[in-house]
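# Chains, contacts and geometry: an overview
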Amino acid sequence: MLKKLRLGMIGGGEGAFIGAVHRIAAQIDNQYELVCGAFSSDAEKSRRSGQALGISNDRVYASYQELFERENLLPPAERVEVISIVTPNHLHFQPAKLALENGYHVILDKPMTFSLEEAIELKQIAGKSGRSFCLTHTYTGYPMIKEARHFIRSGQLGTIKKIYVEYPQGWLSTFEEGKDNKQAAWRTDPQKSGIAGAMGDIGTHAFNLAEYVSNLQVSKLCADINTVVEGRRLDDDGTVLLKFSNGASGMLLATQVAAGEENNLRIRVYGENGGIEWQQSDANTLQVKWLNKPAEVWRTGSAYLSSYAQHNTRTPAGHPEGYLEAFANLYRNFALTVKAGLEGRVPEEEWLDFPGAEEGVRGMAFIEHVIRSGQSAEKWTDFNI
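A short tour of the structure in this document, coming up. Since we're looking at a predicted model, the values are computed, not measured.

## Some details on the overall build of the chain
- In terms of helices and strands, the chain carries 12 helices and 14 strands.
- Expected size for 385 residues packed as a compact globule is a radius of gyration near 21 Å; at 21 Å, the chain falls within 12% of this value.
- Its C-alpha atoms put the chain at 65 × 50 × 40 Å along the principal axes.
- Evaluated residue by residue, the chain yields a buried proportion of 57% over its 385 residues.
- In the chain, once contacts between residues fewer than 6 apart in sequence are set aside, the share between residues at least 24 apart is 68%.
- Carbon and sulfur atoms make up 49% of the accessible area of the chain, which amounts to about 16000 Å² in all.
- Counting 40 positive and 47 negative side-chain charges, the chain places the centres of these two groups 2 Å from one another.

Set out below in structure tokens:
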């Protein structure tokens, strides 16, 4: 019989978009059973959310502190095993810290924490805990992103010279936080989001994707950060010049004021022999462009792809796999890794391919360096942690 991991959720109650996405991702591969949760800081809302999800009333909690206190009293065979944290940024660190210290595996929505200092401390706690930790940088879960990373690691493009990554959105092109829009309200509130708006919300995704696909790390950056919409308290637009560890240069664009744009994240990486291009609006396609021969179109579900792409593909060629499936790949790989540990087995390399604490720390460092550079007269900032 398939053993499901017992999953608990902190946040993600009624009206919370990302909580529903996490629950769908957890269910796609039948690896988890949602058994408990503290779905809201409002006890009544948490109760209603738990009822709607079919959770037993005695395992729907009024706070995350109560969740840990009462779950710890249950027999090990009934107690929750994995905690999924889907709260706004300012409520990431403390629940994750308590979960790890109480012996639970953690899946945490990005960005990792409210500040770089918290991220560094949480990484240390995760390392000492002996528990697995996943940060949900969704886009690394796409099969053709896995293929792009593997392709570049194989050296076929030669030395990487140039990287472009862009994430344009338009949903905040007007003052949505003044229109009773819950998502806009917390994402533009420095008390809940942190020091960055667009750069923290979607810029971190673009940054993570650039480093993940290229297998390089940013060594310095130069940022132009803007707040375009009048009355907004955090950035909603920015462009960042990048220098990578091998000397390659790049550019990152993240904006939430590009009216008419949705979520077409796009990345291009060029080496001395050719380049690759991927965009979310055509997620099943990876374009491979060569210096002295015709370009190629690689497609999800094809037999010529690497084991990393094939492991993360569910449907036959020609059937589109999207955001939810990419998200589910993180949950599945994490579950397979946790189960291997519980059973004393060594996880497969493909299972271990999910973002963790190191990516979380670098994401928070990106936010702080970008904002510092954007506010500084001396624009180039060394990327130090």
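## Thoughts on the pattern of salt bridges
- Under the criterion given, the structure shown has 24 salt bridges.
- With a closest N to O distance of 3.1 Å, glutamate 101 and lysine 97 form a salt bridge. Residue glutamate 101 and its partner lysine 97 are both found in helix α4 (residues 93-101); the two are separated by four residues, about one turn of the helix.
- With relative accessibility at 18%, the residue lysine 97 sits in the buried group.
- For the salt bridge of aspartate 201 with lysine 110, the shortest nitrogen-to-oxygen distance reads 3.7 Å. With a gap of 91 residues between them, aspartate 201 in helix α9 (residues 198-214) and lysine 110 in the loop between β4 (105-108) and α5 (116-129) connect regions that are remote in the sequence.
- Where salt bridges share partners, they join Glu14, Glu44, Arg47 and Arg48 into one cluster.

## Focus: the sheet that holds strand β1 (residues 5-10)
- Ordered in space as β2-β1-β3-β4-β5, the five strands form an open sheet in which the pairing is parallel. The sheet is open, and its two edges are formed by β2 (32-38) and β5 (133-135), each paired on a single side. For this sheet the average axis-to-axis angle between neighbouring strands, irrespective of direction, equals 20 degrees.
- Alignment of β4 against β5, held across three bridges, turns out to be parallel. Bridge pairing in β5 places leucine 108 opposite leucine 135.
- Along the sheet face, helix α1 (residues 17-27) touches β1, β2 and β3 (82-85) and points at about 175 degrees away from the line of β1.

## Some remarks on the sheet that holds strand β11 (residues 274-279)
- Taken together, nine strands build an open sheet; the order of strands is β13-β12-β11-β10-β6-β9-β8-β7-β14 and the sheet is mixed. Two strands bound the open sheet, and with one partner strand each, they are β13 (296-299) and β14 (380-382). Strand-to-strand twist in this sheet, taken as the mean axis angle between neighbours without regard to direction, amounts to 15 degrees.
- The pairing of strand β10 (residues 266-271) with β11 spans five bridges and is antiparallel. Residue pairing in the sheet places valine 269 in a bridge with isoleucine 276 of β11.
- Across the sheet, helix α6 (residues 143-153) is in contact with β6 (160-168), β10, β11, β12 (285-290) and β13; its angle to β12 comes to roughly 30 degrees.

## Section: α9
- The end-to-end C-alpha distance of α9, which contains 17 residues, comes to 23 Å, matching closely the 24 Å that a straight helix rising 1.5 Å per residue would cover.
- Along its length, α9 shows its largest kink, about 35 degrees, at threonine 204.
- The element α9 is extensively covered by neighbouring structure, given that 17 of its 17 residues are classed as buried.
- Residue asparagine 215 follows α9 closely and has a positive phi angle near 65 degrees.

## Overview of unusual backbone geometry
- Residue proline 111 is bonded to the preceding lysine 110 through a cis peptide linkage, with omega at -5 degrees.
- Positive phi outside glycine occurs at asparagine 30, with the angle close to 60 degrees.
- A relative accessible area of 38% means that asparagine 30 is categorised as partly exposed.
- For asparagine 215, which is not glycine, the phi torsion reads 65 degrees and is therefore positive.
- Residue position: asparagine 215 is located in the loop between α9 and β7 (218-226).
- On the accessibility criterion, asparagine 215 (30% relative accessible area) is partly exposed.

The rules we used
Residues numbered from 1 in each chain as written. Predicted model: local features only at pLDDT ≥ 70, side-chain atom pairs only at ≥ 80, totals over all residues. Heavy atoms only, no water. Helix = DSSP H or I, 4+ residues; strand = E, 2+ residues; numbered from the N terminus. Rg over C-alpha atoms; globule rule 2.2 N^0.38 Å. Buried < 20%, exposed > 50% of the residue type's maximum accessible area, 1.4 Å probe, protein only. Contact = heavy atoms within 4.5 Å. Areas by Shrake-Rupley, 256 points an atom, 1.4 Å probe, with all protein chains shown as cover. Lys, Arg positive; Asp, Glu negative; His and termini not counted. Charge placed at Lys NZ, Arg CZ, Asp CG, Glu CD. Salt bridge = Lys/Arg side-chain N within 4 Å of Asp/Glu carboxyl O. Pairing = 2+ DSSP bridges. Axes fitted to C-alpha atoms, helices over the stretch in contact; angles between N-to-C directions. Expected span 1.5 Å × (residues − 1). Bend = angle between axes of the 7 residues up to and from the residue.

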